[in-house]
Amino acid sequence: MDLTIGEPLRYRSAAGRWVLLATVLGSSLAFIDSTVVTIALPEIGRDLGSDAAGLQWTVNGYALSLAALVLLGGSLGDRYGRKRIFVLGVSWFATASLLCGLAPTVELLVAARILQGVGGALLTPGALAILEASFAPEDRGRAIGAWSGLGGIGGALGPFLGGWLVEIGSWRYIFLINVPLAVAVVLVAARHVPESRNPAAARSLDVTGVLLGAVGLAGLTYGFTAWPEHGPGDPVVLASLAVGAAAMVAFVLAERRSPHPMLPVRIFRNAAFSGANLVTFLVYAANGGVFFLFVVNLQVVSGFSPLAAGTALLPTTAMMLLLSSRAGGLSQRIGPRIPMTVGPLICAVALAMMSRIGAGASYWADVLPAVLIFGLGLSTLVAPLTATALGALEDAYAGIASGVNNAVARAAGLLAVAVLPLAAGLGSGSLTDAAQLHPVYRNTMTICAGLMVVGAVLAWLLVPHRLPAHPPARSFCDPCAPPVHAASSAR
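Description of the structure in this document. Keep in mind the model is a prediction, meaning the values are calculated, not measured.

The helix and strand inventory of the protein chain stands at 16 helices and zero strands. Put simply, the protein chain has 491 residues, and 56% of those count as buried. Counted over contacts in the protein chain with a minimum sequence separation of 6, partners at least 24 positions apart contribute 84%.

Encoded structure:
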């Protein structure tokens, strides 16, 4: 029921800043927990007496459930209210974090991490969908840019926060600290975030779509996660990928026939939406290769300390914090095609420079210039890319658009980590041997630069100069929340 109609939020307004704060803090919970746990793995292993497989699943269990259910999270927000599902996700995440912090065995820790991933799948697409549905069209680019930059800070601080908490107390603190942060997010969201949903969406849940989508994404995620360790010929890897691919084909067929699909397949007829997600796949595959091998190469080949290697990419994060909002505003003024074309080309130049980093490299002369140019390219690209993936469709589809874009980005990263080292010639070689790693690293950076160039070409060909204006929309609002525009009609 539409209870009230109100004006969309402005970026510089107090209400807009509160909404941005809630979504950034909520998203940062999920971003930080993707990176922070790695730092604590040795301590977890010693404390719980876990073997390598248990520690691996402490990381992979979270990624698996998050990737498998992120489409569902976006769809639920469109159906039942984006704020409602976002708050549910944050609360779920906090409860699972508490269980992680209290886990007496590694088996229970892995189970709690899987539950954490469910919470992350509910809150992550909801954060972006809230921004898309809440802000005025002319301010969405800046809001999404600010979300990208500030969220990147959260992800980058994860390893440092984890190391500090482990040093001053226990690995359990890295999970328990999520609880008060989540409480703060829920309080801010309850008071300041407006509710929105798609009033035309069916209230019934597409159970077939949910199950097939979850099995498909879970199968592909597990297969790509296990690929580097077990190899592409392992029966478990092959079976997982086959089941995942078959489930995704069945998912598409089921969604085409469903009267109330979780993922309306017709949204992919929108050239800008499909183009933005194709560019997302290529760009995030390249990013996955960079963030996986760049730091390893600095340590193994160039002789950097773990701390020096870990901080090498911080200038990229700082540049995104400073420039992403401005890039989003620029894209709003001139259209997304130029930033989405220029950004990957700048990144390609940086990756060509990174490919030359080898033994005896100097941080100031060899690493920093490439990192700064890479940061400039990502700052130019990420906010317009995200805004286009969401803005190409009507606001009614903000949740599912965010879910699709998140799923594409995560699938690209998983595929990159699994396939790029093999494609670059690693074979059965070692990532800890400098002689074997360096040519693999160099080839990987070259491949990633090529992916960026292809992404730029596709952006120029597929992304329009201007996104079409969507018709004015009605609003669905919580009586206790501020009013906000949200679309009511399907394309």
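Before going further, it helps to spend a moment on the pattern of salt bridges. Per the counting criterion, the structure on display carries six salt bridges. Where glutamate 132 meets arginine 140, a salt bridge forms, and the shortest distance between an N and an O atom there is 3.2 Å. There is no split in this pair, since glutamate 132 and arginine 140 are both buried. Through salt bridges with shared partners, a single ionic network connects Arg10, Glu138 and Asp139.

With that settled, consider the side chain of serine 379. Here serine 379 shows up in helix H14 (residues 363–391). Residue classification places serine 379 among the buried residues on the basis of a relative accessible area of 1%. From its side chain, serine 379 meets the backbone nitrogen of methionine 320 in a polar contact 3.4 Å long. In this structure serine 379 touches Met319, Met320, Leu323, Ser324 and Ala327, once residues within four positions along its chain are discounted.

A separate point is the nonpolar core. What tends to happen in soluble globular proteins is that the nonpolar side chains get buried as a cluster. Ranked by size, the top nonpolar core spans 75 residues in total, and within it Phe86, Phe294, Leu351, Met354 and Phe374 carry the most contacts. The leading source of residues in this core is H14, at eleven residues. Discounting chain neighbours no more than four positions away, the residues touching leucine 351 are Val290, Phe374, Met445, Cys448, Ala449 and Met452. Counting 24 residues, the second largest nonpolar core, distinct from the first, contains Ala68, Val70, Met262 and Ile400.

Here isoleucine 85 shows up in helix H3 (residues 82–102). Aside from chain neighbours lying at most four places away, what touches isoleucine 85 is Gly73, Leu76, Gly77, Tyr80 and Leu122.

Procedures and definitions
- Residues numbered from 1 in each chain as written.
- Predicted model: local features only at pLDDT ≥ 70, side-chain atom pairs only at ≥ 80, totals over all residues.
- Heavy atoms only, no water.
- Helix = DSSP H or I, 4+ residues; strand = E, 2+ residues; numbered from the N terminus.
- Buried < 20%, exposed > 50% of the residue type's maximum accessible area, 1.4 Å probe, protein only.
- Contact = heavy atoms within 4.5 Å.
- Salt bridge = Lys/Arg side-chain N within 4 Å of Asp/Glu carboxyl O.
- Polar contact = N/O pair within 3.5 Å; in protein donor to acceptor, adjacent residues only side chain to side chain.
- Core = buried A, V, L, I, M, F, W, Y, C linked by side-chain atoms within 4.5 Å.

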